[in-house]
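# Inside the fold
The primary structure of each chain is shown beneath.
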Amino acid sequence: MLNPNPDKMKGKPEPVDVHVGRRIRMRRIWMQVTLTALADAIGVTFQQVQKYEKGTNRVGASRLQQIADALVAPVSYFFEDMPGAAPVGGDNRSGQKKLQPEIIEFASSDVGLALIRAFSQITDKRVRDRTLGLVKALAKQDPA
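Residues numbered from 1 in each chain as written. Predicted model: local features only at pLDDT ≥ 70, side-chain atom pairs only at ≥ 80, totals over all residues. Heavy atoms only, no water.

So, on to the overall build of the protein. The helix and strand inventory of the protein stands at seven helices and zero strands. Each helix and strand of the protein, placed in order from N terminus to C terminus, yields the pattern α-α-α-α-α-α-α. Burial analysis of the protein (144 residues in total) assigns 24% to the buried set. Sequence separation of at least 24 residues holds for 58% of the intrachain contacts in the protein that already meet a minimum separation of 6. Counting every atom, the protein has about 10500 Å² of accessible surface; 57% of that belongs to carbon and sulfur. (Helix = DSSP H or I, 4+ residues; strand = E, 2+ residues; numbered from the N terminus. Buried < 20%, exposed > 50% of the residue type's maximum accessible area, 1.4 Å probe, protein only. Contact = heavy atoms within 4.5 Å. Areas by Shrake-Rupley, 256 points an atom, 1.4 Å probe, with all protein chains shown as cover.)

Written as structure tokens, this is what we have:
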């Protein structure tokens with residue numbers, strides 16, 4: 001029988017729960033689904049969805065399947081790029097690099113998703129390159 005971890009701090013969400021919650025939020029916002037609409041689709045309150053997204057409440061397997069169906073994503077999507085996780089199959093056969101936690105955090109924020117959505121709608125390569133150059137120049141001038 002497995003023994004509980006005595007070092008675990010009571011009330012602090014597990015990193016996997018926080019990661020899955022961020023991925024739920026990122027996908028929900030990307031798909032332009034409101035908290036209420038997702039809650040209605042999976043049969044819970046919007047407050048419960050908020051708790052899932054913050055990682056304060058764990059998402060069970062069947063509930064995660066409902067969320068995946070509602071957000072048109074495979075269940076595996078919510079575990080992608082999890083910090084510290086071994087790639088599926090034991091090695092990274094796809095050759096893709098793992099995303100840094102700060103990138104995942106930015107991409108799941110309101111500003112990050114809005115920037116990604118707007119930038120991806122720019123079809124002219126020259127305009128995209130110039131926009132990227134502008135953002136890089138502004139980042140160098142930022143005193144923070």
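Mapped onto the fold, Arg117 is located in helix α6 (residues 110–120). Within the buried core, Arg117 has no salt-bridge partner, and the shortest N-O distance to an opposite charge, that of Asp110, equals 8.5 Å. Residues within four places of Arg117 in sequence aside, it is in contact with Ile29, Trp30, Met31 and Gln32. (Lys, Arg positive; Asp, Glu negative; His and termini not counted. Salt bridge = Lys/Arg side-chain N within 4 Å of Asp/Glu carboxyl O.)

Here we come to the pattern of salt bridges. Within the structure shown, the criterion is met by six salt bridges. The partner of Glu80 in a salt bridge is Arg23, with the nearest N and O atoms 3.1 Å apart. Residue Glu80 is found in the loop between α4 (61–70) and α5 (101–107), and its partner Arg23 is found in helix α1 (residues 15–30); the two are separated by 57 residues along the sequence. As a salt-bridge pair, Arg25 and Asp110 come within 2.7 Å of each other at their nearest N and O atoms. With Arg25 in helix α1 and Asp110 in helix α6, the pair connects residues that are 85 residues apart, well separated along the chain. What you see here is one network of salt bridges that share partners, running through Arg23, Glu80 and Asp81.

Further remarks concern unusual backbone geometry. A positive phi is found at Gln32, a non-glycine position, where the angle reads about 60°. By secondary structure assignment, the location of Gln32 is in the loop between α1 and α2 (35–42). The backbone of Val72 shows a phi angle near 50°, a positive value even though the residue is not glycine. Position of Val72 among the secondary structure elements: in the loop between α4 and α5. Classification of Val72 by relative accessible area gives exposed; the value is 59%.

Here the focus is the packing of aromatic side chains. Applying the stated criterion across every chain, the model contains one aromatic pair. Considering the side-chain rings of Tyr77 and Phe78, the 5.2 Å spacing of their centres and the 85° angle between planes classify their relative orientation as edge-to-face. Each member of the pair, Tyr77 together with Phe78, is buried. We note Arg23 situated over the ring of Tyr77; from NZ or CZ to the ring centre the distance is 4.0 Å. The lysine or arginine in question, Arg27, covers the ring of Tyr77, its NZ or CZ lying 5.6 Å from the ring centre. (Phe/Tyr/Trp six-rings, centres within 6.5 Å; stacked < 30°, edge-to-face > 60°. Lys NZ or Arg CZ within 6 Å of the ring centre and 35° of its normal.)

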